[in-house]
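# What the coordinates show
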Amino acid sequence: MTMTQKIPATVITGFLGAGKTSLIRNLIENANGKRLALIINEFGDLGVDGEVLKGCGNENCSEEDIVELANGCICCTVADDFLPTIQSLLDRPDRPDHIIVETSGLALPKPLVRAFGWPEVRTQVTVDGVVTVIDGPAYRDGLFASNPDAVQAQREADENLDHDSPLEELFEDQINCADLVILNKSDLLDEPGLETATAEIRARLRPSVKLVKASHGLIDSAVLLGIGAAAEDDLDIRKSHHDGEDDHEHDDFDSFVLELPNPTSIEELVSKLKTAIEDHGILRIKGFIALEGKDMRLVVQGVGNRIQHYFDREWNTDEPRSSRLVVIGEHGLDANAITRFLQG
Ligand SMILES: Nc1nc2c(ncn2[C@@H]2O[C@H](COP(=O)(O)OP(=O)(O)OP(=O)(O)O)[C@@H](O)[C@H]2O)c(=O)[nH]1
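Residues numbered from 1 in each chain as written. Predicted model: local features only at pLDDT ≥ 70, side-chain atom pairs only at ≥ 80, totals over all residues.

We apply this condition: UniProt positions are given in the numbering used here, feature names are shortened, and annotations may be inferred rather than shown by experiment.
Under the annotation held in an unreviewed UniProt entry, the protein carries the name Cobalamin biosynthesis protein CobW and is attributed to Sneathiella chinensis. Regarding the protein, the relevant UniProt record gives this comment under Function (unreviewed entry): "Zinc chaperone that directly transfers zinc cofactor to target proteins, thereby activating them. Zinc is transferred from the CXCC motif in the GTPase domain to the zinc binding site in target proteins in a process requiring GTP hydrolysis." Word for word, the UniProt comment on the protein under Catalytic activity (unreviewed entry) is "GTP + H2O = GDP + phosphate + H(+)".

Right under this line is the structure:
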């Protein structure tokens, strides 16, 4: 009797805008004939990542193979969202060769990996590897480091406090869970910057964890897939700040969707967005813009103060030509002020 082989699944994690979607897009295009199924979880409900990936139009991964989970962070909705989704992929007559799960940039990977250990899943699927994508320039600029002054002040006020910043905690949870870490956006770091970042990150990883550099998520699929970690079996070595907690919240972060009047100039739009990002400490901004007089849809991607934009396709006749952006930042983001400024 032959045993049915478990389907390998790769969990892709990494902070907002680190390059997870770019990595997956590249993987789809270089899958060497493997049929991939994607489960995409995004913070903010515009579904930008799903749209970008569906835009690939690749036979290794058709639109039906892409499932979007938009009800909040996957780590909090595993039972309601993730498990039924995995089950429905497994019930298909044409099962995928490999499942890729893109978590939202704010998700803790460990609760998701734990879900793969649930009895109904573990007999059929195994976590081939947890891949953590790091935004190189954001790391260099200290986004994930705790603020030493603030920590000292807290320590003096109460020595029992958890001293880490929310961004640092999340970063640590994401790298602690990894089997493979990708230092992405290498093109934006100089050689000494790359060396420093590599050495510092290396020192924080378990010895068995591989660290590779990449630009635009370009990684050989042979490095990415086939790690064979069975991560669901060794959760204990993957330390989390939330170990022992039944539940956790994402209330360190806020997000909202903003509708803009359709702009007439890309340059003006980008300059306004940059001002808003700087004035309000926005971490991530992305969405679709209907530029006046253009039949193409404009995709806007902002990570920190870096903004990219490109036309991806013509507007469909049955969709409203409107301009909508999702805005994400740390808790306390002033949605009203940002909206007033960008709509004005
Ligand atoms: N210069 C440079 N830009 C990159 C690189 N990788 C990704 N980007 C850009 O960074 C932005 C965010 O990339 P995504 O792949 O959408 O990042 P993500 O991690 O999926 O983002 P979220 O799903 O919002 O967390 C896009 O504008 C990308 O084109 C890179 O290696 N170098």
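Picking up after the structure, the text goes on.
### A word on the overall build of the protein
Quick note on the threshold: In this text, helices come from DSSP runs of H or I with a minimum length of four residues, and strands from runs of E with a minimum of two, each type numbered from the N-terminal end. Put simply, the radius of gyration uses C-alpha atoms, and a globule should come to 2.2 Å times the residue count raised to 0.38. Whether a residue is buried, exposed or partly exposed follows from its count of other C-beta atoms within 10 Å of its own C-beta, namely 20 or more, 12 or fewer, or something in between, respectively; the C-beta atoms are built from the backbone. Contact criterion: two residues are in contact if their C-beta atoms, reconstructed from the backbone, are within 7 Å.
Looking only at helices and strands, the protein features twelve helices and twelve strands. Here the C-alpha radius of gyration of the protein, 20 Å, is about what a compact globule of 344 residues would show, namely 20 Å. In terms of its C-alpha atoms, the protein occupies a principal-axis envelope of roughly 70 × 60 × 40 Å. Burial status across the protein gives 39% buried among its 344 residues. In the protein, the proportion of contacts linking residues at least 24 apart, taken out of those at least 6 apart, comes to 79%.

### Here's the deal with the site of the ligand
Applied cut-off: Any residue whose backbone-placed C-beta atom lies within 6 Å of a molecule or strand is treated as near that molecule or strand. By the convention adopted, Pro, Cys, Tyr, Trp, Phe, Met, Ile, Leu, Val and Ala count as nonpolar, Lys, Arg, Asp and Glu as charged, and the other residues, Gly among them, as polar. Domain extents, as shown, originate in an automatic or database domain assignment.
Every one of the 22 residues lining the ligand counts as a neighbour, but Gly-19, Thr-21, Ser-22, Gly-105 and Gln-301 are closest to it. Here the shell around the ligand is composed, by residue class, of four nonpolar, twelve polar and six charged. Both of domain 1 (7-237) and domain 2 (253-343) provide at least three residues apiece to the shell around the ligand.

### What to know about the packing of helix H11 (residues 266-280) against helix H12 (residues 335-343)
Heads up, the rule is: Axis geometry follows a simple rule: fit a line to the C-alpha atoms, using only the stretch in contact for helices, then measure angles between N-to-C directions, giving values from 0 to 180 degrees. For classification, angles of less than 35 degrees are called roughly parallel, those exceeding 145 degrees roughly antiparallel, those between 65 and 115 degrees roughly perpendicular, and all remaining angles oblique. When the near helix sits turned anticlockwise from the far one by under a right angle, the crossing is termed left-handed; a clockwise turn instead gives a right-handed crossing.
For the pair H11 and H12, interaxial distance at closest approach is 10 Å and the crossing angle is 160°. Classed by the angle they form, the pair H11 and H12 counts as roughly antiparallel. Seen along the crossing, H11 lies across H12 with a hand that is right-handed. On the side of H11, the interface is formed by Lys-272, Ala-276 and His-280, while H12 contributes Ala-337, Ile-338, Phe-341 and Leu-342.

### Notes on the sheet that holds strand S2 (residues 36-41)
Backbone-to-backbone hydrogen bonds join strands into a sheet, with any given pair of strands oriented parallel or antiparallel. How we decide: A pair of strands is labelled paired if DSSP reports no fewer than 2 bridges between them.
The strand order across the open sheet formed by seven strands is S3-S2-S4-S1-S5-S6-S7, and the pairing between neighbours is parallel. One side of each edge strand has no neighbouring strand; the edge strands of this open sheet are strand S3 (66-69) and strand S7 (210-213). Pairs of neighbouring strands in the sheet enclose a mean axial angle of 20°, with direction left out of account. Bridge count between S2 and S3: four bridges; the pairing is parallel. Directly across from Ile-39, in S3, lies its bridge partner Val-67. Seen against the sheet, helix H3 (residues 78-90) touches S2, S3, strand S4 (98-102) and strand S5 (125-135) and runs at an angle of roughly 165° to S3.

### A look at helix H8 (residues 166-176)
Since the α-helix packs 3.6 residues into each turn, any two residues three or four apart lie on the same face. Every buried residue belonging to H8 is among Leu-167, Leu-170, Phe-171, Asp-173, Gln-174, Ile-175 and Asn-176, and all of these are buried. Where H8 is buried, its residues touch strand S1 (7-13), helix H4 (109-115), S5, strand S6 (180-184) and helix H9 (191-204).

### Section: the UniProt feature "domain: CobW C-terminal" (unreviewed entry) in the protein
Per the UniProt record, "domain: CobW C-terminal" (unreviewed entry) is found at residues 253-344. Taken as a whole, residues 253-344 contains 26% helix and 45% strand, while its terminal C-alpha atoms sit 25 Å from one another.

### Quick notes on the domain arrangement of the protein
One frequently used descriptor of interface size is the decrease in accessible area upon assembly of the parts. Here the domain parsing of the protein yields domain 1 (7-237) and domain 2 (253-343). If you average the C-alpha positions of domain 1 and of domain 2, the two centres end up 25 Å apart. With 13 residues of domain 1 in contact, the opposing surface of domain 2 contributes 15 residues. Grouping the constituent residues of the side of domain 1 that touches domain 2 by class yields seven nonpolar, four polar and two charged.

### Quick look at the sheet that holds strand S9 (residues 282-289)
Taken in spatial order, the five strands of this open sheet run S8-S12-S9-S10-S11, and their pairing is antiparallel. Each edge of the sheet is formed by a strand with only one pairing partner; in this case those strands are strand S8 (253-260) and strand S11 (306-314). Strand-to-strand twist across the sheet, computed as the mean angle between neighbouring axes with direction ignored, equals 15°. Pairing between S8 and strand S12 (residues 323-330): eight bridges, direction antiparallel. Counterpart to Ser-255 in the pairing with S12 is Ile-328. Across the face of the sheet, H12 comes into contact with S8 and S12 while running at roughly 25° to S8.

### Details of the pairing of S12
When a strand is regular, its side chains alternate between the sheet's two faces. Pairing of S9 with S12, which is carried by six bridges, proceeds in the antiparallel orientation. Across the sheet, residue Phe-288 finds its bridge partner in S12, namely Arg-324.

### Some remarks on the nonpolar core
Soluble globular proteins tend to bury their nonpolar side chains together. What counts is decided by this rule: Only buried residues count toward a nonpolar core: Ala, Val, Leu, Ile, Met, Phe, Trp, Tyr and Cys, linked into one set through C-beta atoms within 7 Å.
Counting residues in each nonpolar core, the largest one holds 82 residues, and the members touching the most others are Val-11, Leu-38, Leu-112, Val-131 and Ile-182. Inspection of this core shows a minimum of three residues originating in each of domain 1 (7-237) and domain 2 (253-343). Excluding anything up to four places from it in sequence, Val-11 contacts Val-101, Thr-103, Pro-109, Leu-112, Val-113, Val-127, Val-130 and Val-131.

### Looking at the environment of Thr-196
Turning to its location among the elements, Thr-196 is positioned in helix H9. Taking the C-alpha atoms as reference, Thr-196 lies 8.7 Å from Arg-140; in sequence the two are 56 residues apart.

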